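# Structural overview for review
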Protein chains: 2
Amino acid sequence: MDVFDLKEIIENIRFFISARDEANLKNMLLSTHPADIVDIIVNLDEEESEYIFSLLPSELASEVISDLDDYNREQILEDMEDVRLTEIVDEMDSDDATDLVSELPKDKAIKVLEGIDIEDSEAVQRLLRHEEDTAGGIMALEFVAVNQNTTVDEAIQVLRAKADEVEDVYNVYVVDDRQKLIGILPIKHLILKTGSTRISDIMERDVISVREDMDQEVVARLVKKYDLVSIPVVDPEGRLVGRITVDDVMDVVEEEASEDIHRLAGISDDVEIYETSPFKISKVRLPWLLFSFFGEIGSAMVLSRFQASLEKIIIAAFFIPIIMAMGGNAGIQSSTIMVRGLALGEVGLLHARKQLLKEFRVSLINGFVCGILLFGVISLWGHYIAFSHFWEFGALIGISMFLIIINATLVGAFIPLFLKKLDVDPAIATGPFITTSNDIFGLLIYLGLATVFLMHHSL
Amino acid sequence: MDVFDLKEIIENIRFFISARDEANLKNMLLSTHPADIVDIIVNLDEEESEYIFSLLPSELASEVISDLDDYNREQILEDMEDVRLTEIVDEMDSDDATDLVSELPKDKAIKVLEGIDIEDSEAVQRLLRHEEDTAGGIMALEFVAVNQNTTVDEAIQVLRAKADEVEDVYNVYVVDDRQKLIGILPIKHLILKTGSTRISDIMERDVISVREDMDQEVVARLVKKYDLVSIPVVDPEGRLVGRITVDDVMDVVEEEASEDIHRLAGISDDVEIYETSPFKISKVRLPWLLFSFFGEIGSAMVLSRFQASLEKIIIAAFFIPIIMAMGGNAGIQSSTIMVRGLALGEVGLLHARKQLLKEFRVSLINGFVCGILLFGVISLWGHYIAFSHFWEFGALIGISMFLIIINATLVGAFIPLFLKKLDVDPAIATGPFITTSNDIFGLLIYLGLATVFLMHHSL
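Residues numbered from 1 in each chain as written. Chains lettered and ligands numbered in written order. Predicted model: local features only at pLDDT ≥ 70, side-chain atom pairs only at ≥ 80, totals over all residues. Heavy atoms only, no water.

## Brief notes about the environment of A:Ile399
Along the chain, A:Ile399 turns up in helix H22 (residues 390-421). Sequence separation between A:Ile399 and A:Phe368 is 31 residues; the distance between their C-alpha atoms is 8.6 Å. (Helix = DSSP H or I, 4+ residues; strand = E, 2+ residues; numbered from the N terminus.)

Given below as structure tokens:
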């Protein structure tokens, strides 16, 4: 495949648009992969992308709109007529149709549900009952299932009947007479085994499935752990109700990773990349800024308590930034390792004590290196500005740095483990939270030591 | 499937180990999924896990060791005898065998390569030539390919012959007489079409493939974009040379996300979750700590230049932490959105100016809110401590906060875009780098304004 050159294609599209060459545009779009059309639409202006979308036949349109991000999708849906919308939804798989219908205003959603195939409409309504971030919320109702008593030949008939409806078939699910999932059969066996073989004789009985109310993150972890391409979904009675394919799981993995990354940066919600309203973006960023704001007002109060010390030894104020920054960084490092490790299941609570001990050892090394360096820098500096007690003062700040790095590292490592133990998402303990609390601790340690120092040295 | 209860299983295993009940242990392991055995081994002590591993028959052992993390794998490989190791490698798929052999000491690797099947040995040696993080580095040589002139019946014969060797077959690749990849056929068509149909008549011609030297991140993005379960790999002449399956791509996605997360936290390398040597862990964390260290020495120098101002108005020192923290946080928020958006391809350089404008608008809102708040807090505080110029001083700090948040947000957004433009990985612009540079900028703005203020108010 040639690399898809977005920039060149966009230029061509724009040229055809300005030349009003609809025939050529249509031809071009029909030979383009839906995923590429998504890329094109995202990179066009609003008006252009609505026009391009209007040229797509409904089947292609249904694939494109399922793949579009929320923001662009909303833009395109806004002005769409109900008839066209109904046509498009009618072409979709149940999971994509459900996603789309759930985003529509209520009256529009009802019109669409009345307009599409009655069977599809029922399917969507059933799926709408599930929470968005559960197995039921991401599953599709399209799958191939056979009774355990069927033969290979009969299973092939079932597959043939379903082939158009179910796009990617990798496995046939096997159920008993009460629809309970009892086995799985990779479809290559339908090719390799003779036609009269009973399915129950060749199926795999250890089938990994998920319950419809299971969190999507757990689903993703199972698919990843067992290297699956799809996973069947069952109801509380064990009856087969749906299927989740690996492409949807991949989306979950990226979504969850983005969520972790954004939390670490103090962004409280995930839906902002495509958001254009600065007020909406501010709404997901301002909470952590304000948290940090009030935390640092606490820092200011700590500093004000030490006003007398600061006035006597103004040079101590110069090192407030380094004390804060190093504590913050050391804390973020250890908390991130814990949060990510817990999220991926690589760090377990079974090993919590061992992990903390490890962090303590690391903090000894890092604290020692930074402490010694700071001592060196201050000794030199004090010498240079002819500050009389630079040697003692350097030792004081060096020791502060050493203690602050140890403290920050341990706080950063401990809080996520503690939250996990309480069954609270450890990710809230990242970024601004750790940094702010370590700022306050750090200043207390530093200025406390400085005050002790002043009691013994009148400057 | 019942949820796999790790804690209980570990307890059982430990009980059997202490009772030296090898028969029961073996039984238990044989009925356990390899991925679950991995979880067990990771949670046992070193001695226990080596013992458990030694009980596994070589095929099961090969699956377990392929899934193990680097640290535990190394532990187990260390003491393993060459004969056993060779047996295990002989059972592996070419990609897993290559991964393992590449980690062995040279003499051991040679012994293993001499011991295994000559064909497998050649395959591994061929794969070893590729860079680890390219398509060639993660592909396997096991796949099913047929000539375009074969019929469905003949293709089924090929599939039958390969069925044992190639574990998960979803597609048959179609090549011409010179082995060039020209099409792809989902295997369900082998079931649905009549036996005499020519493959070239039913294959899909638009086949998405990757070149062997393509970066694994690009591979992952293609698999994700086009919702694939596997992707064929071709050499520079377009000849089919391998296949990458979605489970390996999923690993890449998580690996890259972890890398981004760790970079954001100032951890320079990715392999540390399982690392136990504190020196090695320190080695990946200390560089960013030191970067920040010297940056903040710069902050100290900035502060020392303003010593006269600070001495006159010591209350200004109290707000150094909040100025630094808010600038740091605002910068991390915008840089993270850019870095993650660029990594996922959601933010493109085509829209760079639009993105910066958006960030500017957001920073106006956030800067305004925080600036006003700080003005309010200081006015109240100044009133409380009977500081004479609290109103003017509050306005000064409020304006500083406003400017600093705008500056930090724009710096945070601009640097990743700029690095991307230069073709440098934008992820290096995250975390400590942005924070440290914004600390220095922030202090300059703040103390600069404070000095101007002092020129007009003799305190």
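## Focus: the interface of chain A and chain B
Taken together, the 117 residues of chain A in the interface contact 117 residues of chain B. Summed over both sides, the interface of chain A with chain B buries roughly 10700 Å², with 72% coming from carbon and sulfur. Summed over the shared surface of chain A and chain B, the result is 10 salt bridges. The partner of B:Asp36 in a salt bridge is A:Lys225, with the nearest N and O atoms 2.5 Å apart. With 19 residues, the single largest contributor to the side of chain A that touches chain B is helix H17 (residues 278-305) of chain A. (Contact = heavy atoms within 4.5 Å. Buried area = accessible area lost by both parts, 1.4 Å probe. Salt bridge = Lys/Arg side-chain N within 4 Å of Asp/Glu carboxyl O.)

## With respect to the pairing of strand S5 (residues 230-234) of chain B
Residue and element names in this part refer to chain B. The buried fraction of S5 is high, at 5 of 5 residues. Of the two faces of S5, the one lined by Ser 230, Pro 232 and Val 234 and the one lined by Ile 231 and Val 233 are each fully buried. Bridge analysis of strand S4 (residues 210-211) against S5 gives 2 bridges, and the strand direction is parallel. Paired with Arg 211 across the strands is Val 234, a residue of S5. What sits between the antiparallel neighbours S5 and strand S6 (residues 240-245) is a turn of 5 residues, in which Gly 238 has the positive phi angle 90°. (Buried < 20%, exposed > 50% of the residue type's maximum accessible area, 1.4 Å probe, protein only. Pairing = 2+ DSSP bridges.)

## Observations concerning the relation of the copies chain A and chain B
Relative to chain B, chain A is turned by 180° and slid 0.0 Å along the rotation axis, the superposed coordinates differing by an RMSD of 0.1 Å. Classification of the inter-copy transformation places it as that of a two-fold axis. The share of interface residues of chain A whose copies in chain B are also at the interface is 99%, consistent with both copies meeting through the same surface. (Least-squares fit on C-alpha atoms with pLDDT ≥ 70 in both.)

## A closer look at helix H10 (residues 118-128) of chain B
Residue and element names in this part refer to chain B. Every buried residue belonging to H10 is among Ser 121, Ala 123, Val 124 and Leu 127, and all of these are buried. Buried residues of H10, viewed axially, fall in a sector of 160°; they line one side. Away from its buried face, by an angle of more than 90 degrees, H10 presents the exposed residues Ile 118 and Glu 119. Against the buried residues of H10 lie helix H8 (94-103), helix H9 (106-115) and helix H11 (135-138). (Arc of directions from axis to C-beta.)

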